[in-house]
Amino acid sequence: MHSIFSNNPDKAWVEKCFLAYTPVWMALMALMMFTGWAGSWGNSALLAHSLLVALPVLLIPAYLARHHPSSLPWHQRYWFKANVYLAIFSFIGNYFGSAYFFDVLGMVYGFGNASTHLEASLVGSSHQRVPLIMYFYTQAYFMTYHATAGIALRQLRRIPLPSPKLFFALCVFAVGYAWAWAETKGMANPLIADLFHYEKMDVMLRYGSAIYALYFIASFPIYSRMDENAQEKPWSLAQAAAGALSAGMLTLFLLDVAAKWVGQL
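All figures in this text were calculated on a predicted structure; none of them were measured in a lab.

K.L.:
What is the right way to look at the nonpolar core in this model?
P.N.:
Across soluble globular proteins, nonpolar side chains have a tendency to be buried as a group. Of all hydrophobic cores here, the largest spans 75 residues; its most connected members are Met29, Phe142, Phe196 and Tyr212. No other element matches helix H7 (residues 133-157), which puts 13 residues into this core.

The following block contains the structure:
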């Protein structure tokens, strides 16, 4: 019986680590929402919380790597390359992709207490700003999405089918849609409606989640291939970065096609 984890030991233990940390970051986000801290904290406290959520994605595997020896240098280990990939892809998604969420999906940020921002100057027509904290939170979110997707897609590749490529593509979309819907439902809730919401929540959940899923249609297949098999040569750090950049460019292309086809929700 096949394990759900990679047959590459260096990747398998990192996947387990990412899954184990998932309920922790979710609890940290829920605590901030239920207590009302998201609206009452100042910029420094918000940044501290976002770093508290994001840094363990890097620091915990870095610490545990001592118990999983490898002949590879640290910057070629899967835990580091996965973090680099996720950081690059998250940056592209926030820096450029947020404009599509503002203009097409009706996303509204109201983080007046977050005074540190970072966004593209010439993309999108909205005057909304992207709080820096979103970049750090996204690192944790995307860690979970990509880790679970990698496990799911691994199982799908093992199923003999007459049209495996079509089935695989549909499953990539299904997994991406599920996470896009879950994030939208979990984040855009009444507890922080004054800080983050969608103008048409029902439409966003039903149709906008399919557009958000374009991020994952572009990224999941690339990320899931990184260091997948122990018999294959591990990706270099440059390959991991190139994969994230490719996924980011493909995401922007797909978002733009969706914007032309759908317009505003």
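K.L.:
Is there a simple way to explain the environment of Ala240 in this structure?
P.N.:
Mapped onto the secondary structure, Ala240 falls in helix H11 (residues 237-262). For Ala240, a relative accessible area of 0% gives the class buried. C-alpha separation for the pair Ala240 and Arg225, spaced 15 residues apart in sequence, amounts to 10 Å. What Ala240 contacts, discounting residues up to four positions off in sequence, is Lys81, Tyr85, Met226 and Trp235.

K.L.:
I tried to follow the packing of helix H1 (residues 9-35) against helix H4 (residues 56-64) on my own but got confused; where do I start?
P.N.:
Any two packed helices are characterised by the angle at which their axes cross and by the distance between the axes. Relative to each other, H1 and H4 sit at 135°, their axes nearing to 10 Å. In this view, H1 runs oblique relative to H4, as classed from their interaxial angle. Helix-helix and strand crossings are classified by hand; for H1 and H4 the assignment is right-handed. Facing H1, whose interface residues are Trp13, Cys17, Phe18 and Tyr21, H4 presents Pro56, Val57, Ile60, Pro61 and Leu64.

K.L.:
Could you clarify how one ought to interpret the packing of aromatic side chains in this entry?
P.N.:
Two aromatic rings are characterised by how far apart their centres lie and by the angle between their planes. Evaluated as defined, the whole model comprises 29 aromatic pairs. Ring centres of Phe173 and Tyr177 lie 5.9 Å apart, and the angle between their planes is 40°; this geometry places the pair in the tilted category. You can see Phe173 and its partner Tyr177 sitting in helix H8 (residues 164-187), 4 residues apart, about one turn around the helix. On the accessibility criterion, Phe173 (32% relative accessible area) is partly exposed.

K.L.:
I tried to follow a nonpolar patch on the surface on my own but got confused; where do I start?
P.N.:
A cluster of nonpolar side chains, contributed by Leu51, Leu55 and Leu59, occupies part of the molecular surface with about 240 Å² of accessible area. Positionally, Leu59 belongs in helix H4.

K.L.:
What is the right way to look at unusual backbone geometry in this model?
P.N.:
For residues other than glycine, phi is negative in most cases, and the peptide bonds are mostly trans. Even without being glycine, Asp227 reaches a positive phi, approximately 50°. The topology assignment puts Asp227 in the loop between helix H10 (214-225) and H11. We classify Asp227 as buried; its relative accessible area is 4%.

K.L.:
How do you make sense of the side chain of Asp10 when you look at a structure like this?
P.N.:
Position of Asp10 relative to the elements: it lies in helix H1. Excluding its chain neighbours within four sequence positions, the residues that come into contact with Asp10 are Arg77 and Tyr78.

K.L.:
When you look at the pattern of salt bridges in this model, what are you seeing that I'm missing?
P.N.:
Any two side chains of opposite charge can pair if their charged atoms end up close together. Enumeration over the complete set of coordinates arrives at 6 salt bridges. With its nearest N and O atoms 2.8 Å apart, the salt bridge here joins Glu228 to Lys11. Of this pair, Glu228 sits in the loop between H10 and H11 while Lys11 sits in helix H1, and the two are 217 residues apart along the sequence. Glu228 sits in the buried class, given a relative accessible area of 7%. Given the relative accessible area of 2%, Lys11 is considered buried. One salt bridge connects Glu228 with Arg154, and the closest N-O pair in it is separated by 2.5 Å.

K.L.:
What exactly am I supposed to notice about helix H9 (residues 201-212) here?
P.N.:
Think of an α-helix as 3.6 residues a turn; residues three or four steps apart then line up on the same face. An ideal rise of 1.5 Å per residue puts 16 Å on 12 residues; H9 reaches only 14 Å between its terminal C-alpha atoms. When we look at burial in H9, the residues that qualify are Met204, Leu205, Gly208, Ser209, Ile211 and Tyr212. Projected down its long axis, H9 carries its buried residues within an arc of 145°, all on one side. Contact partners of the buried residues in H9: helix H6 (98-103), H7, H8, strand S2 (196-198), H10 and H11.

K.L.:
What am I meant to see in the environment of Ser246 here?
P.N.:
Note on placement: Ser246 falls in helix H11. For Ser246, a relative accessible area of 42% corresponds to the partly exposed category. Separated by 167 residues in sequence, Ser246 and Trp79 have C-alpha atoms that sit 20 Å apart.

K.L.:
Is there a simple way to explain the packing of helix H3 (residues 43-54) against H4 in this structure?
P.N.:
Packing of H3 against H4 leaves a shortest axis separation of 6 Å and a crossing angle of 40°. On the basis of their axis angle, the class for H3 and H4 is oblique. Contact residues: H3 offers Leu51, Leu52, Val53 and Ala54, while H4 offers Pro56, Val57 and Leu58. Of the residues assigned to the contact of H3 with H4, the class counts are 7 nonpolar, no polar and no charged.

About the thresholds
Residues numbered from 1 in each chain as written. Predicted model: local features only at pLDDT ≥ 70, side-chain atom pairs only at ≥ 80, totals over all residues. Heavy atoms only, no water. Core = buried A, V, L, I, M, F, W, Y, C linked by side-chain atoms within 4.5 Å. Buried < 20%, exposed > 50% of the residue type's maximum accessible area, 1.4 Å probe, protein only. Helix = DSSP H or I, 4+ residues; strand = E, 2+ residues; numbered from the N terminus. Contact = heavy atoms within 4.5 Å. Axes fitted to C-alpha atoms, helices over the stretch in contact; angles between N-to-C directions. Parallel < 35°, antiparallel > 145°, perpendicular 65-115°, else oblique. Left-handed = near helix turned anticlockwise from the far one by under 90°. Phe/Tyr/Trp six-rings, centres within 6.5 Å; stacked < 30°, edge-to-face > 60°. Patch = residues over 30% accessible without salt bridge, like charges linked within 9 Å, V, L, I, M, F, W, Y side chains within 5 Å. Areas by Shrake-Rupley, 256 points an atom, 1.4 Å probe, with all protein chains shown as cover. Salt bridge = Lys/Arg side-chain N within 4 Å of Asp/Glu carboxyl O. Expected span 1.5 Å × (residues − 1). Arc of directions from axis to C-beta. Nonpolar A, V, L, I, M, F, W, Y, C, P; charged D, E, K, R; others polar.

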